[in-house]
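Letter by letter, the chains look like this.
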Amino acid sequence: MFADRFYHMQLLIFLLAYPFIWLVSKLPFRLLYMLSDLVFVLLYHIVGYRKKVVYSNLKLVFPDKPDSELKQIQKKFYAHLCDMFLEMIKTMSLSNAEVKKRYAVQNIELIKRIEKDRSILVVCSHYANWEWNVSINNYVNSKGYAVYQPIANKYFDDFVRKVRARFNTTLITQKQTVKTVVKDKRDGVIGVFGMVSDQSPMVSKAQYWSDFMGIKVPIFNGAETMARKLDLAVVFLKVSKVKRGYYKAEFIPIAENGAATEENYITDTFLRLAEQQIKEEPAYYLWTHRRWKHRNKQPAHYAKVS
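Residues numbered from 1 in each chain as written. Predicted model: local features only at pLDDT ≥ 70, side-chain atom pairs only at ≥ 80, totals over all residues. Heavy atoms only, no water.

Chemist: Which residues make up a nonpolar patch on the surface, and what are the values?
Modeler: Taken together, the side chains of Val 41, Leu 42, Ile 46, Val 47 and Tyr 49 define a hydrophobic patch exposed on the protein surface, amounting to about 470 Å² of accessible area. Summarising the element assignment, Tyr 49 is placed in the loop between helix H2 (29-47) and helix H3 (51-61). We classify Tyr 49 as partly exposed; its relative accessible area is 36%. (Patch = residues over 30% accessible without salt bridge, like charges linked within 9 Å, V, L, I, M, F, W, Y side chains within 5 Å. Areas by Shrake-Rupley, 256 points an atom, 1.4 Å probe, with all protein chains shown as cover. Salt bridge = Lys/Arg side-chain N within 4 Å of Asp/Glu carboxyl O. Helix = DSSP H or I, 4+ residues; strand = E, 2+ residues; numbered from the N terminus. Buried < 20%, exposed > 50% of the residue type's maximum accessible area, 1.4 Å probe, protein only.)

Chemist: Lay out the environment of Ser 240 with the relevant residues and their values.
Modeler: With respect to the element layout, Ser 240 can be found in strand E8 (residues 233-243). Distance in space between the C-alpha atoms of Ser 240 and Tyr 127 is 8.3 Å, their sequence separation being 113 residues. Leaving out residues up to four positions away in the same chain, Ser 240 has contacts with Tyr 246, Tyr 247 and Lys 248. (Contact = heavy atoms within 4.5 Å.)

Chemist: Break down the packing of H2 against helix H4 (residues 67-90) for me, with residues and values.
Modeler: Relative to each other, H2 and H4 sit at 130°, their axes nearing to 9 Å. If you check the angle between H2 and H4, you find them oblique. In the packing of H2 onto H4, the handedness of the crossing is right-handed. From H2, Phe 29, Leu 32, Tyr 33, Leu 35, Ser 36, Val 39, Phe 40, Leu 43, Tyr 44 and His 45 reach across to H4, where they touch Lys 71, Gln 74, Lys 75, Tyr 78, Ala 79, Leu 81, Cys 82, Asp 83, Leu 86, Glu 87 and Lys 90. (Axes fitted to C-alpha atoms, helices over the stretch in contact; angles between N-to-C directions. Parallel < 35°, antiparallel > 145°, perpendicular 65-115°, else oblique. Left-handed = near helix turned anticlockwise from the far one by under 90°.)

Chemist: Please set out the packing of H3 against H4 residue by residue, giving values where relevant.
Modeler: Contact geometry for H3 and H4: axes closest at 10 Å, N-to-C directions at 130°. Comparing the axis directions of H3 and H4 gives the class oblique. Remark: the crossing between H3 and H4 carries right-handed chirality. Within the contact between the two elements, H3 uses Lys 51, Val 54, Tyr 55, Leu 58 and Lys 59 and H4 uses Asp 67, Leu 70, Lys 71, Ile 73, Gln 74, Phe 77 and Tyr 78. The residue makeup of the contact of H3 with H4, split by class, is 7 nonpolar, 1 polar and 4 charged. (Nonpolar A, V, L, I, M, F, W, Y, C, P; charged D, E, K, R; others polar.)

Chemist: Break down a positive patch on the surface for me, with residues and values.
Modeler: Taken together, Arg 50, Arg 290, Lys 293, Arg 295 and Lys 297 make up a surface patch of like positive charges. Residue position: Lys 293 is located in the segment after helix H10 (265-280). (Lys, Arg positive; Asp, Glu negative; His and termini not counted. Charge placed at Lys NZ, Arg CZ, Asp CG, Glu CD.)

Chemist: Give me the lowdown on the nonpolar core, citing residues and values where you can.
Modeler: As a rule of thumb, nonpolar side chains are buried together in soluble globular proteins. Counting residues in each nonpolar core, the largest one holds 95 residues, and the members touching the most others are Tyr 103, Phe 212, Phe 251 and Trp 287. Once you skip the residues sitting within four places of it in the chain, Phe 251 turns out to touch Val 105, Asn 107, Ile 108, Leu 110, Ile 111, Val 122, Ile 136, Val 235, Phe 236 and Leu 237. (Core = buried A, V, L, I, M, F, W, Y, C linked by side-chain atoms within 4.5 Å.)

Chemist: I'd like a rundown of the pairing of strand E4 (residues 169-172), residues and numbers included.
Modeler: As defined by bridge partners, strand E3 (residues 143-147) adjoins E4 across 4 bridges and the pair is classed as parallel. Considered in E4, the bridge of Gly 144 is made with Thr 169. Between E3 and its parallel partner E4, the chain crosses via helix H7 (residues 154-165), and the hand of that crossover is right-handed. (Pairing = 2+ DSSP bridges. Right-handed = clockwise from strand over helix to strand, strands pointing away.)

Chemist: Quick one: what's the story with helix H8 (residues 174-186), residue by residue and with numbers?
Modeler: If you check H8, its first and last C-alpha atoms are 19 Å apart, about what 13 residues at 1.5 Å a residue would give, namely 18 Å. Listed as buried for H8 are Thr 177, Thr 180, Val 181 and Asp 184. Viewed end-on, H8 has its buried residues packed into an arc of 100°, placing them on one side of the element. Every exposed residue of H8 that faces more than 90 degrees away from the buried side is listed here: Lys 175, Lys 179 and Arg 186. Along its buried surface, H8 packs onto E3, E4, strand E5 (191-196) and helix H9 (222-230). Following H8 by one or two positions, Gly 188 has its phi on the positive side, about 75°. (Expected span 1.5 Å × (residues − 1). Arc of directions from axis to C-beta.)

Chemist: Tell me what's going on with the pattern of salt bridges, and back it up with residues and numbers.
Modeler: According to the stated counting rule, one finds 15 salt bridges in the structure shown. Close ionic contact of Asp 37 with Arg 244 constitutes a salt bridge, the shortest N to O distance being 2.7 Å. Taken together, the positions of Asp 37 in helix H2 and Arg 244 in the loop between E8 and strand E9 (246-255) put the pair 207 residues apart, joining distant regions of the chain. With relative accessibility at 39%, the residue Asp 37 sits in the partly exposed group. Two residues, Asp 187 and Lys 183, come together in a salt bridge whose shortest N-O distance is 2.9 Å. Residue classification places Lys 183 among the partly exposed residues on the basis of a relative accessible area of 43%. Several salt bridges share partner residues, and in doing so they unite Asp 37, Asp 83, Lys 241 and Arg 244 into one network.

Chemist: Could you give me a rundown of the packing of aromatic side chains, with the residues and numbers involved?
Modeler: Under the definition given, this model contains 18 aromatic pairs. Taking 5.3 Å as the distance between ring centres and 10° as the angle between the ring planes, the aromatic pair formed by Phe 40 and Tyr 44 counts as stacked. Of the two residues, Phe 40 and Tyr 44 both sit in helix H2, 4 residues apart, roughly one turn of that helix. Taking the relative accessible area as the measure of exposure, Phe 40 reaches 13% and is therefore buried. (Phe/Tyr/Trp six-rings, centres within 6.5 Å; stacked < 30°, edge-to-face > 60°.)

What follows is the structure, given as structure tokens:
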């Protein structure tokens, strides 16, 4: 009885939200960004959504920057966040031709060369517009996967899966990833797996601690674990924001033979590349999440750190 009411409520929320989502997705980009400017005023100036968290994160990782510069980065971040949220909705009606124009892939030949031999983990951080990363699957010959966190509302979850499937992407959860790689390998199928790898794992489950932006935190090392055990290639996806609504993506090889790498090499290389990306233009990182909430909580018995 309770479960039925719960799902009915989920359905009601989805049905109420869907007309707005559909309408926004149909807006031309000029009007979309006018709406984004209005959302920015609401989010930044009126609601102040997580402003304390954002400023605290910026102050933590850029202690030498003056307050005036941190405030500028913070404001620019919120403007970008609003753009990205609406661009995510726009994905619903975005054509392949339009996304290719707005999300330019620089060196897809690297992926095409590696995928002839083995499956690839494409790792990235919460930077720029990671939602449009799924369009990369339009360029590759292998089966494309995106590792994602399921949405609690199953109707929104189904909706997101359908939207991303428009770009030949199969969504799988973290728990399904290893089984999928193993099955594909057994069946002779080569896959390209996209993963956002800068999440903050629970302290109790953290197997590796290292510096990220100069602060010791638990590190998610699932990509390295899979790459070393299943001999996958690992490539970092660097996305840059060229201007409003336009991005470029560049692939940077980390390891073309995962099984041959030393322990922590893949994870540490990813961290350094992610740091470099953030430092180049800090405003486009996702500062609203509490990435450094477990700083300095490294267990006393844990000795193996970078």
